[in-house]
Amino acid sequence: MLIATHNVNSLRARLARFTAWLERVQPDVVCLQETKVTDDLFPKEPIEALGYHVAFHGQKTYNGVAILSKTPIEDVVAGIADFEDPQARSLSATTAGLRVRCLYVPNGKEIPSDKYEYKKAWLDALIAETRASWDPSQPVVLTGDFNIAPDERDLWDPEGWHEKVLCSTPERERLQALLDWGLTDAHRMHTDEAGQYTWWDYRQAAFRRAMGMRIDLFLISAPLVPRCTAVTIDRQERKGEKPSDHAPVLMELNDA
DNA sequence: ATGGCCATCATGGATGGA
């Protein structure tokens, strides 16, 4: 089966492009971030018409997450336990035999800033809920836009980005806490290569100049590690008319 | 040297993104 994550940077602005991609690629499960649409306006009809069940958790203008699946979606939970969050950034659900968590981690803006403090507190709450209520012996997928580049291979200018937001030690320590709980960065199971980016700034012709970061991740629990045969970044989808600034990432899992 | 793009809301320009 194929599971995808994609920060679409507005689902409605990207709808025609996205549904064309969905029809072509035929992923079994898709996690979307930055849908930027309230639940009453979520464009579920064109997605359901392509054979997908859909769960969503959105708000006006900013943020917003959704899970699409060819099989029924159950036990949907929005947000993080014991964390009052006005921003729609987490959606968990069971589908296709997986417990899936679709995440849009806060950006953090700059260090120091209120937004950076919010990012750290948000990640602390995610870690706490994961330790308290999730089971790494089950098939668990945490995926989405983590807004953290795991290591120096994952950003185009390590010196320029040194201890900047998305790369700072406190952020990476929090990502490591999730990994230490019992998750594996699926991309790194298959390659040590640097420069495997998933996001490129719209400015400065960053995509053409390979100025990007790998911040869209699949973190998988131990039962899924032997099933994961490939992780690919769909760079083609970053090209053309009105792309998102993120490329979709696809993970292939063998049957259990 | 700085910022250079894009989406939203709204209809100008601020905010946010990363």
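Overview of the structure. Since the structure is predicted, the reported quantities are computational estimates derived from the model, not experimental observations. (Residues numbered from 1 in each chain as written. Chains lettered and ligands numbered in written order. Predicted model: local features only at pLDDT ≥ 70, side-chain atom pairs only at ≥ 80, totals over all residues. Heavy atoms only, no water.)

1. Quick look at the packing of aromatic side chains
The test is simple: Classification of ring pairs rests on two measures: the distance between centres of Phe, Tyr or Trp rings, Trp counted by its six-membered ring, which must be within 6.5 Å, and the angle between planes, read as stacked under 30 degrees, edge-to-face over 60 and tilted in between. Burial classes: relative accessible area under 20% of the type maximum marks a residue as buried, over 50% as exposed, and values in between as partly exposed (1.4 Å probe, protein chains only).
Considering all chains together, one arrives at three aromatic pairs under this definition. Considering the side-chain rings of tryptophan 200 and phenylalanine 207, the 4.8 Å spacing of their centres and the 85° angle between planes classify their relative orientation as edge-to-face. Neither residue differs from the other here; tryptophan 200 and phenylalanine 207 are each classed as buried.

2. Comments concerning the pattern of salt bridges
We count it as follows: For this document, the term salt bridge refers to a Lys or Arg side-chain nitrogen within 4 Å of an Asp or Glu carboxyl oxygen. Going along the chain from the N terminus, every DSSP run of H or I of four or more residues is numbered as a helix, and every run of E of two or more is numbered as a strand.
The final tally for this structure, using the stated rule, is 14 salt bridges. Among the ionic pairs, arginine 172 bridges to glutamate 152, the shortest N-O distance being 2.7 Å. In this pair, arginine 172 is assigned in helix 4 (residues 169-182) and glutamate 152 in the loop between strand 8 (140-145) and helix 4, connecting sequence segments 20 residues apart. Given a relative accessible area of 37%, glutamate 152 falls into the partly exposed group. Overlapping salt bridges, with partners in common, bring together Asp154, Asp185, Arg188 and Arg214 in one network.

3. Thoughts on the protein's contact with DNA strand B
Rule in force here: Near is defined per residue: the residue qualifies when any heavy atom it owns lies within 4 Å of the molecule or strand. Two N or O atoms count as a polar contact when they lie within 3.5 Å, although within protein this holds only if one can serve as hydrogen donor and the other as acceptor, and sequence-adjacent residues are included solely when both atoms are side-chain atoms. Put simply, Ala, Val, Leu, Ile, Met, Phe, Trp, Tyr, Cys and Pro go in the nonpolar bin, Asp, Glu, Lys and Arg in the charged bin, and everything else, Gly too, in the polar bin.
With respect to spatial proximity, 23 residues lie near DNA strand B, and among them Ser10, Glu34, Tyr104, Asn107 and Leu166 are the closest. Within 4 Å of the protein, the contacting atoms of DNA strand B are 72% sugar and phosphate, with bases supplying the remainder. A distance of 3.5 Å is found between a phosphate oxygen of DNA strand B and a side-chain nitrogen or oxygen belonging to lysine 115. Taking arginine 203, its main chain carries an N or O atom lying 3.5 Å from a sugar or linking oxygen of DNA strand B. Per-class residue counts for the surface near DNA strand B are seven nonpolar, eight polar and eight charged.

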